[in-house]
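# Analysis of the macromolecular model
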Amino acid sequence: MTDPYARLSTESVNPRTRDLDALATADVVARIFAEDAAVQRACAAVAATVARVADGVAAAIRGGGRCVYVGAGTSGRLAMLDAVEWPPTFGTEPSLAVVLLAGGRAAMFAAQEGAEDDADRGAEEVRDADVSPRDFVLGVTASGATAYVLGALREARRLGAATGAIVCNAPPADFPADHVIHLDTGPEVLAGSTRMKAGSATKMTLNAISLAAMTRVGKVYGNRMVDLRVGSRKLLERALRLVTEIGGVDATRAAAALAESGGHAKLAILMVRAGVGKDEGRRSLDAAKGSLREALGEVRA
């Protein structure tokens, strides 16, 4: 039987780290960090494709759909890490970013051996998630050959959803995604350990996709997270700073506006900047499709 993984660059032996076990600890660490220089290069090389995926995610959100991540192992866990940050950072509902993880939620904390090899299960879970043409389905697979992810992507396309994928090996011409982000990170420090360079590049790319998409749908003003969800003392203090600094008012006025808005920093900022009440502020934001800049009548750069 032909080994489908033998051709993968992430499985190959890195000539620069062949002597890893013979090095002093400080040299092992130095070698690891030297290899990580490839991560930034790999991400920068595919920035245009990352932007297209981010625009696809934004279009899905604006159209009432969701971003549905699909992954297994390290790749799936990284997708989960990104998705769970949407609500506190951008004030979204948890249902807006869905993660289909091979082996289920238990796989977040312990390997579920064999789950990633089941293409039929991937397709089934896409159907169970009620994926539709309104959604954007993003497969995350360092190898580019994970059966669970490929099965899910094929089914998503059959159902009419837009699709993208993050891979760290050259994809075949018939790869089942509309947009394929190929992060060419090369051989790992430890052969086959894609939690290293491939994982770092994947996380950077997921961060870029979600932040760029949320910027497009009005969740960001300047470089501030004005739609954050207040759920802790730290986030409450951050929200107060946002209203004070962007709203141009003192702490007492900021706190009053934030309380009146129900803890919604973006609405409170609009209230104090435009001199309007909560209801009028909400109507203005709705008319501007959530964009504070547009609600304030400012021109986007």
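What comes next is a walk through the structure. Every chain begins its residue count from 1, and numbering advances along the sequence as written. Where totals are concerned, whole chains, interfaces and linings use all residues; where local detail is concerned, this predicted model gives features only for residues with pLDDT of at least 70, and gives and counts side-chain atom pairs only at 80 or more. Where side-chain values are given, they derive from all heavy atoms of the structure, hydrogens and water being excluded.

### Focus on the overall build of the protein chain
- Starting at the N terminus, helices and strands are each numbered in turn, a helix being any DSSP run of H or I of at least four residues and a strand any DSSP run of E of at least two. Broken down by element type, the protein chain carries 13 helices and five strands.
- Projected onto its principal axes, the C-alpha positions of the protein chain cover 70 × 50 × 35 Å.
- Split into buried and exposed, the 301 residues of the protein chain put 48% on the buried side.
- By element, 53% of the accessible surface of the protein chain is carried by carbon and sulfur atoms, the whole surface being about 14,400 Å².
- Charge convention: Lys and Arg are scored as positive, Asp and Glu as negative, and His as well as the terminal groups of each chain are ignored. Where a charge lies is defined by one atom per residue type, namely NZ (Lys), CZ (Arg), CG (Asp) and CD (Glu). Across the protein chain, the 36 positively charged side chains and the 36 negatively charged ones have centroids separated by 6 Å. The classification of residues rests on relative accessible area computed with a 1.4 Å probe and restricted to protein chains. Under 20% of the type maximum is buried, over 50% is exposed, and intermediate values are partly exposed. Working definition of accessibility: Shrake-Rupley area with a 1.4 Å probe, residue cover restricted to the visible protein chains.

### Some words on the side chain of Thr202
- Looking at the secondary structure, you find Thr202 in helix α8 (residues 197–216).
- Two residues form a contact once any of their heavy atoms are found within 4.5 Å. Filtering out sequence-adjacent residues up to four positions away, Thr202 remains in contact with Leu78, Val140, Ile166, Cys168 and Leu183.

### Brief notes about the packing of aromatic side chains
- Paired rings are identified among Phe, Tyr and Trp, the last through its six-membered ring, by centres lying within 6.5 Å, and are further divided according to the angle between planes into stacked (under 30 degrees), edge-to-face (over 60) and tilted (the rest). Applying the stated rule across the entire model yields one aromatic pair.
- Taken together, a centroid distance of 6.5 Å and an interplanar angle of 80° make the contact between Tyr69 and Trp86 edge-to-face. Of the two residues, Tyr69 is situated in strand β1 (residues 67–71) and Trp86 in helix α5 (residues 86–90); the sequence distance between them amounts to 17 residues. Neither residue differs from the other here; Tyr69 and Trp86 are each classed as buried.

### Quick word on the sheet that holds strand β5 (residues 179–182)
- We call two strands paired when DSSP finds no fewer than two bridges between them. Within the open sheet, the five strands sit side by side as β2-β1-β3-β4-β5. Their pairing is parallel. Of all the strands in the sheet, just β2 (97–101) and β5 have a single pairing partner and so form its edges. Averaged over all pairs of adjacent strands, the angle between their axes in this sheet comes to 15°, without regard to strand direction.
- Bridge analysis of β1 against strand β3 (residues 136–141) gives five bridges, and the strand direction is parallel. Across the sheet, Tyr69 pairs through a bridge with Leu138, a residue of β3. Lines fitted to C-alpha atoms define the axes, with helix axes restricted to the stretch in contact, and inter-axis angles between N-to-C directions lie between 0 and 180 degrees.

### Quick notes on the pattern of salt bridges
- Should a side-chain nitrogen of Lys or Arg be within 4 Å of a carboxyl oxygen of Asp or Glu, the pair is scored as a salt bridge. Enumeration according to the criterion identifies 16 salt bridges in this entry.
- Between Arg66 and Asp135 there is a salt bridge whose closest N-O contact spans 2.8 Å. Separated by 69 residues along the polypeptide, Arg66 in the loop between α3 (47–62) and β1 and Asp135 in the loop between α6 (119–128) and β3 bring together distant segments of the chain.
- Classification of Asp135 as buried rests on a relative accessible area of 4%.

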